[in-house]
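Spelled out, the chains give:
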Amino acid sequence: MSTQGFESASTSSTSSAAADHLAIANNPGRFGVGVDPETRALTLDGVSLQAIADAVGTPAYLYSASHIAGQLEALKAACAGRPTLICYAVKANSAQPILRLLGNRGAGADIVSGGELERALAAGIPGERIVYSGVGKRSSELDAALAAGVRGIHVESAGELEQLAGRARALGTVAPVALRLNPDIDPDTHPYLATGLRETKFGIPMQGALELALRAARTDGLKLVGLTCHIGSQIMNAKPFLDSLARLRPVIDALAAQGVTLEYLDLGGGLGIPYAPGDEVVDVASFGRQIVDATADLELELVLEPGRFLVGNGGVLLTRVLGHKRNAERAFVIVDAAMNDLVRPALYSAHHTIVPAVLPGEVPLVRADIVGPVCECGDFLARDRPIPWPASGDLLAVLGSGAYAMTMASTYNTRPIAPEVMVSKGRFAITRPRRSVAALIAEESYPDWLV
Ligand code: LLP
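Within any chain, residue numbers begin from 1 and follow the written order of that chain's sequence. In keeping with the model being predicted, local features are shown solely for residues with a pLDDT of at least 70 and side-chain atom pairs are shown and tallied solely at 80 or more, while totals for entire chains, interfaces and linings include all residues. Excluding hydrogens and water, the side-chain values take into account all heavy atoms of the structure.

1. So, the layout of surface pockets
And step 1. By volume, the second largest pocket amounts to about 150 Å³.
And step 2. If you trace the second largest pocket, you find it lined by Arg30, His67, Gln71, Ala74, Gly272, Ile273, Pro274, Val281, Val282, Val284, Phe309 and Asn313.
And step 3. Here the term charged refers only to Asp, Glu, Lys and Arg, the term nonpolar to Ala, Val, Leu, Ile, Met, Phe, Trp, Tyr, Cys and Pro, and the term polar to all other amino acids, Gly among them. For the lining of the second largest pocket, the per-class residue count stands at seven nonpolar, four polar and one charged. With a 1 Å grid laid over protein atoms only, a set of points is called a cavity when a 1.4 Å probe fits there but cannot get out and a pocket when it is open yet has protein on both sides within 12 Å along at least five of seven lines; lining residues have an atom within 4 Å of a point. Grid points are joined across faces, edges and corners, and a volume is the space filled by probe spheres set on the points.

Laid out in structure tokens, this is it:
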């Protein structure tokens, strides 16, 4: 199993950590950041992190428009040989400016809730570029998707197919439906991120898939428009996608033989990114070429649902050192960001590179846990990490925080959600202010019968 991006990785994520700040100084681009050659200050899209911290405070999420747009353009170019719709997986980062930036460049959206539908529409992404995934959907959410004219609703069970047909008939419309199949492919990633294995809750088992697809094609109120799958995340090459395609192809062929032609084939998301300086980087041109070649004979549109690949390394979580302590043999650096701001290390033992916002030169490294103020042992951003020992007040950059950081944030310990800042070519703007504790309290009420 490849565990790139996770602490259990035996080589990549840990061995390179020994001098992360020096590695970043040599190759900042892959993490979406830059380094001022004179001051060694980290920059994002031409603005120093220090300047943003001074204006916005910490913790704060910063996003590089250039990196995100560049990732989309690279993937588009890689797939240019065939009709392809790139539906950005909104769950990775649903910030309005990011949705708008991607939508303006032709991307669609892969959504998993009525809330994400509203966000995508609000950002100007038209219904015909939206696909609706997810293992469970409320009838009200299906109704909203039908009203928005989405491209396809991805159904994951016979029961859901009935539910959708019922809603479409009730509304006097025809629902565009795609079946999400479970190809039972091991995507060679962390177990929590492998969604295309038979034993997970996701998708329709291959056995019986054709029968259900034929039923969908023949049910009043439904139009079968596609087949889809999503086998997992942090996948570094085309192989697992090609394996999924090989499993889905007989179903496409059998449907065609029965006169059912599809509009699209959706191979899901999951393209990975480097989280540590020594990590592999996806060769996106080669990925695209292989997918284009393997689907060349299929007369349908290809849909891809990348999330992390587009935004992951376009984001930095800025945090300040509050202090230090030493317990038993362990050294702790206490920072003002915590598991409520970035839960990935606690939840998946995910590895995020953390470096000072001004990169030191060759300095001794100290092994430390970088922890937040939340009252949980699981509240850490990094464990046993060799770092240049920071002083109180120093600014640190948690890299790779563009995907599944803010969208998984909570207000645990009554810590208001940190602000979001969009940076583009030397300019920056706060695109969502820091929430206030007063606003959190104001949402609540005290019934007068409660004593
Ligand atoms: N499409 C579907 C149906 C999905 O379920 C997902 C992610 C994606 C696309 C986008 O996957 P991506 O390209 O971003 O890998 N919270 C975890 C990741 C969970 C991903 C769930 N599904 C993390 O922080 O790593």
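From this point on, the discussion continues.
2. Description of the domain arrangement of the chain
And step 1. Once the domains are mapped, the chain shows domain 1 (9-64 + 313-440) and domain 2 (65-308).
And step 2. Residue ranges assigned to the domains are those given by an automatic or database domain assignment. For domain 1 and domain 2, the distance between their C-alpha centroids amounts to 32 Å.
And step 3. Contact between two residues is taken to exist if any of their heavy atoms lie within 4.5 Å; hydrogens are not considered. Domain 1 puts 32 residues into the contact, and the matching count from domain 2 is 25 residues.
And step 4. Taking both partners together, domain 1 and domain 2 bury about 2,400 Å²; carbon and sulfur atoms supply 57% of that area.
And step 5. In this description, buried area is defined as the sum, over both parts, of the accessible area (probe of 1.4 Å) that is lost when the two are combined. On the domain 1 side of the contact with domain 2, Arg30, Asn313 and Tyr404 bury the most area, a combined 25% of that side's loss.
And step 6. Take a side-chain nitrogen of Lys or Arg and a carboxyl oxygen of Asp or Glu: if they are within 4 Å of each other, that pair is a salt bridge. Along the contact surface separating domain 1 from domain 2 lie zero salt bridges.
And step 7. Nitrogen and oxygen atoms within 3.5 Å of one another constitute a polar contact, given that in protein one can donate a hydrogen and the other can accept it, and given that sequence-neighbouring residues count only through two side-chain atoms. Inspection of the region where domain 1 meets domain 2 yields 15 residue pairs in polar contact (both at pLDDT 80 or more).
And step 8. Where helices and strands are cited, they refer to DSSP runs of H or I of at least four residues and of E of at least two residues respectively, numbered from the N terminus. The set of elements that each furnish at least two residues to the side of domain 1 that touches domain 2 consists of helix H1 (12-15), helix H2 (20-26), strand E4 (60-64), helix H13 (344-348) and strand E20 (420-424).

3. Observations concerning the site of the ligand
And step 1. If a single non-hydrogen atom of a residue is within 4 Å of a molecule or strand, that residue counts as near it. Contacts to the ligand come from 18 residues, most closely from Ser233, Glu305, Arg344, Tyr348 and Tyr404.
And step 2. Between arginine 308 and the ligand, the recorded distance is 2.8 Å, taken from a backbone N or O atom to an oxygen atom.
And step 3. Tyrosine 348 is positioned with one of its side-chain polar atoms (N or O) 2.7 Å from a nitrogen atom of the ligand.
And step 4. With the chains in place, 91% of the 580 Å² that the ligand exposes on its own is no longer accessible.
And step 5. A per-class count over the shell around the ligand returns six nonpolar, six polar and six charged.
And step 6. Built from parts of two domains, the shell around the ligand gets at least three residues from each of domain 1 (9-64 + 313-440) and domain 2 (65-308). Surface exposure here means Shrake-Rupley accessible area, sampled with a 1.4 Å probe, where a residue is shielded only by the protein chains that are shown.

4. Let's talk about the packing of aromatic side chains
And step 1. Any two rings among Phe, Tyr and Trp, with Trp reduced to its six-membered ring, count as a pair given centres within 6.5 Å; such a pair is stacked if its planes are under 30 degrees apart, edge-to-face if over 60, and tilted if neither. With the rule as written, the count across this model stands at one aromatic pair.
And step 2. When the centroid spacing of 5.2 Å and the interplanar angle of 80 degrees are considered together, the rings of phenylalanine 241 and phenylalanine 287 count as edge-to-face. Placement of the pair is phenylalanine 241 in helix H10 (residues 239-257) and phenylalanine 287 in helix H11 (residues 284-294), with a sequence separation of 46 residues.
And step 3. Overall, the relative accessible area of 2% leaves phenylalanine 241 in the buried class.
And step 4. Criterion for a charge above a ring: Lys NZ or Arg CZ within 6 Å of the ring centre, and within 35 degrees of the ring normal. Residue placement shows lysine 137 over the ring face of tyrosine 132; its charged tip is 5.4 Å from the ring centre.
And step 5. The ring of phenylalanine 380 carries the charged tip of arginine 383 above its face, separated from the ring centre by 4.1 Å. Note on exposure labels: buried denotes an accessible area under 20% of the residue type's maximum, exposed denotes more than 50%, and partly exposed covers the range between, all computed with a 1.4 Å probe on protein chains only.

5. Quick notes on the pairing of strand E5 (residues 84-89)
Successive side chains on a regular strand alternate, one facing one side of the sheet and the next facing the other.
And step 1. In terms of burial, E5 is a largely internal element, five of the six residues being buried.
And step 2. In short, DSSP must find at least two bridges between two strands for them to pair. As paired elements, E5 and strand E13 (residues 301-304) share three bridges and run parallel to each other. Residue pairing in the sheet places threonine 84 in a bridge with leucine 302 of E13.
And step 3. In this structure, E5 lies alongside strand E6 (residues 108-111), joined through three bridges in parallel fashion. Bridge pairing in E6 links cysteine 87 to glycine 108.
And step 4. Crossover handedness is defined here as right-handed if the route from the first strand over the helix to the second strand goes clockwise, with the strands pointing away from the viewer. Handedness of the crossover joining E5 and E6 through helix H5 (residues 96-104) is recorded here as right-handed.

6. As for empty space enclosed by the protein
And step 1. Taken as a whole and assessed by the stated rule, the structure comprises three cavities of 30 Å³ or more.
And step 2. The calculated volume of the largest cavity comes to roughly 50 Å³.
And step 3. Lining the largest cavity we find Leu75, Phe241, Gly268, Gly269, Gly270, Leu271, Phe287, Leu304, Glu305 and Pro306.
And step 4. Residues of the lining of the largest cavity, tallied by class, amount to six nonpolar, three polar and one charged.

7. Section: a nonpolar patch on the surface
And step 1. Think of a patch as exposed residues, more than 30% relative accessible area, with no salt bridge, where like charges cluster within 9 Å and nonpolar side chains (Val, Leu, Ile, Met, Phe, Trp, Tyr) cluster within 5 Å. A contiguous nonpolar patch, built from Tyr446, Trp449 and Leu450 and spanning about 430 Å² of accessible area, is present on the exposed surface.
And step 2. Here tryptophan 449 shows up in the segment after helix H14 (437-442).

8. Concerning the pairing of E6
And step 1. Covered by surrounding structure in E6 are Gly108 and Asp110 together with Ala109 and Ile111, the residues of both alternating faces.
And step 2. Relative to strand E7 (residues 130-132), E6 runs parallel, the two sharing three bridges. From the neighbouring strand, alanine 109 faces E7, where its bridge partner is isoleucine 130.
And step 3. Each parallel crossover has a hand, and the one from E6 via helix H6 (residues 114-122) to E7 is right-handed.

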